[in-house]
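Each chain is listed here by its residues.
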Amino acid sequence: MSETREITLTVNGTEQTIDVEPRKLLVHAIREDLDMTGTHIGCDTGNCGACTVLVDGEPLKSCLMFAVQADGSAVETVEGMEDHPDAVDDLHPLQEGFHEEHGLQCGYCTPGMIMSGKALLEDNPDPSEAEIREAISGNLCRCTGYQNIVKSIEYAADKLADGERDDAEAVAADGGVAADDGPAEFDGYDVDGDGEFSCGAENCCGGPSTDATHRGGDER
Amino acid sequence: MKSAPFEHHQPTSVGEAVSLLESLDGPTVLSGGQSLVPMLRFRLANPDVVVDINGIEELDYLHEDDGYLKIGALARHADVEHSDLIAEKYGSFADAAPLVADPQIRNRGTVVGSVAQADPKGDWGSLLIAHGGEVVAHGPDGERVIPADEFFLLPYDTSLDEDELITEVRIPVPSEREGSAYHKLKRKTGDYAMAGVGVCLRFDDDGVVESAGIGMTAVDITNARASDAEDHLEGERPSPDLFEEAGELAAEQSHPESDEHGDAAYKERMVDVLTQRALGDAAERAGVVRRTVNP
């Protein structure tokens with residue numbers, strides 16, 4: 001055990017200070033020290049992209065950098081998506097896209113796919129199919145064959161573009177004040193009757209859980 | 001914890017980094033870390049001391065200066081990929097950058113780190129060879145400039161001394177009648193090359209090849225020069241026949257190994273094809289030929 005060092009990360013907008021050994025990978029700091037298990041570890045070798053997070057806005061594989069190297073950086077993980085300004089009804093349009101377009105089967109790659117998709121859409125709000133495929137080329141999926149992942153990201157791009165158009169119209173109509181359209185219709189399962197999406201499985205995507213703070217992630 | 005414990009140093013200047021390399025015992029330099037971190041994680045590398053150069057802002061550049069395109073040690077693959085200067089003037093670098101690994105790795109990995117890693121499957125070394133590039137290192141005795149041909153010794157082994165830090169790689173700014181290209185064959189997006197060929201062609205005013213540089217990826221124990229093909233091209237006018245002959249000579253000079261992706265004969269044939277394609281692109285970009293044959 002080598003000496004630990006205090007580092008400060010701004011994770012999904014919240015400043016977090018933790019003590020880590022220099023050899024601790026960023027993905028382990030996120031999952032183990034910050035208890036945010038939405039970011040997955042897949043291959044552990046930099047191939048699969050399941051651990052993709054945004055560091056200062058750029059998608060990176062969090063198994064390929066040490067936590068101390070992220071000291072002072074802003075880190076975005078899948079847990080931050082539901083609180084994103086673009087999110088409606090607890091889901092970011094990307095998350096909604098994966099739901100609507102069946103963009104996941106086992107879901108293991110999904111957090112990484114969503115973060116790569118987010119980086120793409122921030123940079124290029126109207127990507128072509130080829131651009132989407134290039135943007136997720138560092139993220140492996142063994143279930144879907146990628147078709148529906150591409151559709152999910154296209155769904156989000158359309159939804160975000162509609163939102164901007166709506167905002168612009170609302171601004172015009174209200175003489176400069178954006179209107180709140182309220183939550184969109186939502187047709188997911190609602191097993192516990194609280195109006196929130198859940199797939200019904202324990203400890204998954206916001207379903208029944210002993211700790212409800214980690215929606216969107218697994219609890220392994 | 002995946003890696004063995006190590007002391008982590010974060011110098012903020014080249015001078016500080018060089019003194020650390022000189023004074024510490026068996027230090028390993030960490031830049032982008034896209035190869036080193038997995039090696040540490042598998043304990044294939046077990047340094048006691050890691051000198052992390054990511055905080056040395058003076059090494060974060062990609063620009064033309066003093067007749068060279070200079071790529072600082074903290075320029076990421078993505079910086080090359082998204083550079084207007086590269087897109088405008090450096091065809092081979094513009095070809096190669098988006099073919100390196102995947103977007104996340106390009107955001108973090110560095111050109112210089114890839115050169116320092118000296119993986120024979122790395123792309124940038126072939127371009128340094130093709131362009132007559134140089135590696136600039138700083139050590140206790142100051143700066144040392146190492147020509148690309150003298151840099152790569154064996155897989156993962158270079159002529160860099162243990163207390164030296166590569167601060168920059170550079171290639172000459174292209175002349176007016178010059179074109180370059182890089183072609184790479186890989187099994188799928190994001191993979192290392194099965195074979196890759198970078199070429200740089202300079203023509204005289206009459207459209208005759210004045211100098212040719214050809215570097216090959218993944219078909220020898222290091223990035224390698226196809227000198228027979230280069231000699232064959234120099235003094236000649238570009239033509240499909242000439243490029244075909246050059247392709248054959250490059251293939252003959254390559255030494256690929258058979259593996260699960262293809263046997264040696266297949267890879268040699270691919271060197272031939274990639275060389276012809278890259279020569280065609282380079283000549284076209286130099287404004288000397290309009291492509292009539294696309295092999």
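Our subject is the structure listed above.
Residues numbered from 1 in each chain as written. Chains lettered and ligands numbered in written order. Predicted model: local features only at pLDDT ≥ 70, side-chain atom pairs only at ≥ 80, totals over all residues. Heavy atoms only, no water.

Chemist: Sorry, what's going on with the overall build of chain A here?
Modeler: Within chain A, the regular secondary structure consists of five helices and five strands. Each helix and strand of chain A, placed in order from N terminus to C terminus, yields the pattern β-β-α-β-β-β-α-α-α-α. By the burial criterion, 46% of the 220 residues in chain A qualify as buried. Within chain A, contacts between residues separated by at least 24 positions form 52% of all contacts whose residues are at least 6 apart in sequence. (Helix = DSSP H or I, 4+ residues; strand = E, 2+ residues; numbered from the N terminus. Buried < 20%, exposed > 50% of the residue type's maximum accessible area, 1.4 Å probe, protein only. Contact = heavy atoms within 4.5 Å.)

Chemist: I would appreciate a short explanation of the side chain of Asp44 of chain A in the present structure.
Modeler: Structurally, Asp44 of chain A can be placed in the loop between helix 1 (26-33) and strand 3 (52-55). At 3.0 Å, the side chain of Asp44 of chain A and the side chain of Lys2 of chain B are in polar contact. If we skip the residues at most four places from it in the chain, Asp44 of chain A touches Cys63 of chain A together with Lys2 and Arg41 of chain B. (Polar contact = N/O pair within 3.5 Å; in protein donor to acceptor, adjacent residues only side chain to side chain.)

Chemist: What am I meant to see in the sheet that holds strand 6 (residues 134-139) of chain B here?
Modeler: All names here are of chain B. The antiparallel open sheet is built from five strands, whose spatial order is 4-5-10-6-7. Only two strands of the sheet have a single neighbouring strand rather than two, namely strand 4 (62-65) and strand 7 (142-147). Between one strand and the next, the sheet's axes are offset by a mean angle of 25°, whatever the strand orientation. With four bridges connecting them, strand 4 and strand 5 (residues 68-72) associate as antiparallel partners. The residue of strand 5 that forms the bridge with Glu64 is Leu69. (Pairing = 2+ DSSP bridges. Axes fitted to C-alpha atoms, helices over the stretch in contact; angles between N-to-C directions.)

Chemist: Just checking my understanding: could you explain the environment of Met216 of chain B for this structure?
Modeler: Residue and element names in this part refer to chain B. One can find Met216 in strand 13 (residues 209-217). Judged by its relative accessible area of 1%, Met216 falls in the buried class. Spatially, the C-alpha atoms of Met216 and Gln253 are 9.8 Å apart, while their sequence positions differ by 37 residues. Once you skip the residues sitting within four places of it in the chain, Met216 turns out to touch Ser126, Gly196, Thr222, Asn223, Ala224, Arg225, Ala226, Ala250, Gln253, Ser254 and Val271.

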